[in-house]
Amino acid sequence: MKFGAAMRHHKFLAFLGGAALVAVFIITPAHAQVLKAVKDRGALNCGVSEGLNGFSARDSNGNWSGFDVDTCRAIAAAIFNDASKVKYVPLDANRRFEALQAGDIDVLSRNTTWTISREVDLGLIFAATNYYDGQGFLIPRSMNKETALDLNGVKVCVQTGTTTELNLADYFRVNNMKYEVIASPALEAAIKGYDSGQCNALTADVSALWGIRLLLSKPGEHVILPDVISKEPLGPAVRQGDMQWLNIVKWVSFALVNAEELGVSSKNIDESLKSEKPDVKRLVGIEGNYGERMGVTNDWAARIIKLVGNYGEIYERNVGVGSPLGIPRGINQLWNKGGILYAPPIR
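Rules and cut-offs
- Residues numbered from 1 in each chain as written.
- Predicted model: local features only at pLDDT ≥ 70, side-chain atom pairs only at ≥ 80, totals over all residues.
- Heavy atoms only, no water.
- Helix = DSSP H or I, 4+ residues; strand = E, 2+ residues; numbered from the N terminus.
- Rg over C-alpha atoms; globule rule 2.2 N^0.38 Å.
- Buried < 20%, exposed > 50% of the residue type's maximum accessible area, 1.4 Å probe, protein only.
- Contact = heavy atoms within 4.5 Å.
- Areas by Shrake-Rupley, 256 points an atom, 1.4 Å probe, with all protein chains shown as cover.
- Lys, Arg positive; Asp, Glu negative; His and termini not counted.
- Charge placed at Lys NZ, Arg CZ, Asp CG, Glu CD.
- Disulfide = S-S within 2.5 Å.
- Pairing = 2+ DSSP bridges.

### Some remarks on the overall build of the protein
Along the backbone of the protein there are 14 helices and 16 strands. A compact globule built from 347 residues should have a C-alpha radius of gyration of about 20 Å, and the protein, at 21 Å, falls within 12% of that. Across the 347 residues of the protein, 53% fall into the buried class. Of the contacts formed within the protein by residues at least 6 apart in sequence, a portion of 68% connects residues at least 24 apart. For the protein, the exposed area adds up to about 16,100 Å²; of that, 52% sits on carbon and sulfur atoms. Taking the 37 positively charged and 36 negatively charged side chains of the protein as two groups, their mean positions are separated by 3 Å.

### Topic: the state of the cysteines
The final tally for this structure, using the stated rule, is two disulfides. Across the disulfide from Cys46 sits Cys72; the S-S distance is 2.0 Å. Its torsion about the S-S bond being -50°, the disulfide of Cys46 and Cys72 is classed as left-handed. With a gap of 26 residues between them, Cys46 in strand β3 (residues 44-48) and Cys72 in helix α3 (residues 67-80) connect regions that are remote in the sequence. As far as burial versus exposure is concerned, Cys46 and Cys72 are alike and both buried. Here Cys157 is linked by a disulfide to Cys199, with a sulfur-sulfur distance of 1.9 Å. Around the S-S axis, the bridge from Cys157 to Cys199 shows a dihedral of about -105° and counts as left-handed.

### Some thoughts on the pairing of strand β13 (residues 201-205)
Burial runs high along β13: five of the five residues are buried. As judged from the four bridges shared by strand β10 (residues 135-140) and β13, these two strands associate in the antiparallel manner. Within β13, the residue paired with Gln135 across the bridge is Asp205. Summarising the sheet, strand β11 (residues 154-159) and β13 pair through two bridges and their orientation is parallel. Paired with Cys157 across the two strands is Leu202, which belongs to β13.

### Some words on helix α13 (residues 300-307)
A large share of α13 lies buried, amounting to six of its eight residues. Where α13 is buried, its residues touch α3, α9 (243-262), α10 (269-272), α11 (278-284) and α12 (290-294). Of the residues one or two after α13, Gly309 is the one with positive phi, at around 105°.

Shape descriptors only; they carry no functional weight alone.
This is the structure:
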């Protein structure tokens, strides 16, 4: 982390302790009241990818859609009762954290992995994991390889400035395999390099590979290997120093999961408002004042579900088996249906 970036967001103290110069960073509440700033502005500034099918991409009319986009829309729905009140800020991997640190965006919702260094060193905090992912490999079907362990000596296209690059090095080193990196600062360049034959493997999060394959000149001639070589918990991130804003982004994510578990969807939200089930009443705001205690209205979750849907609806619409990507739920299924998706209760 550069000191310039840190100094914008922290007080810096230096003093002599014995013979050593000791530097102390003290986090200050410089970013408190993000909710007020969003309300005053009339829109949420949301950082997204520059274009990743199923997660955040623009159509020919400039309209954004995708799994990460719907996270932004859900936050806006909770605050404004209007899911359209979002300004999308497309960011590459190298600028995404700087934009959040500088306050150019209120939340980063951009297929970003939760790691310790990103919280400790960059002054960010991840609100929740909303997609459990892992790194994989895309290769030409003609290579006739069944596992990543068969990739000794390959040329691999990879995007720089990501955990992907580090995981790649770890995997090949641990397995005593050789490889050549063809690194690109932008994902688009890495995809073009792979499609043109500059490399014979492309590595990225498996979720991204499903979308990338659709962009290739001959998608059917490429396969995603079954190996998953890393843990990539993806989710929205905010700046440290504003617990109110963190709670809102966190509980918006949790509400989506709880709604699916309780069977509350955009199709039956009106009936759910009349439910006598305690868990449903708390979710939709009929019982308790949880929304007001966070700084939004008590029907905040009902707004989200009505305007955006629950987690299952968002998943299926953007990346599920009925979408062009066709990704099975897998571990992103609810905990009571064989997956690991689990949210704390609203009570």
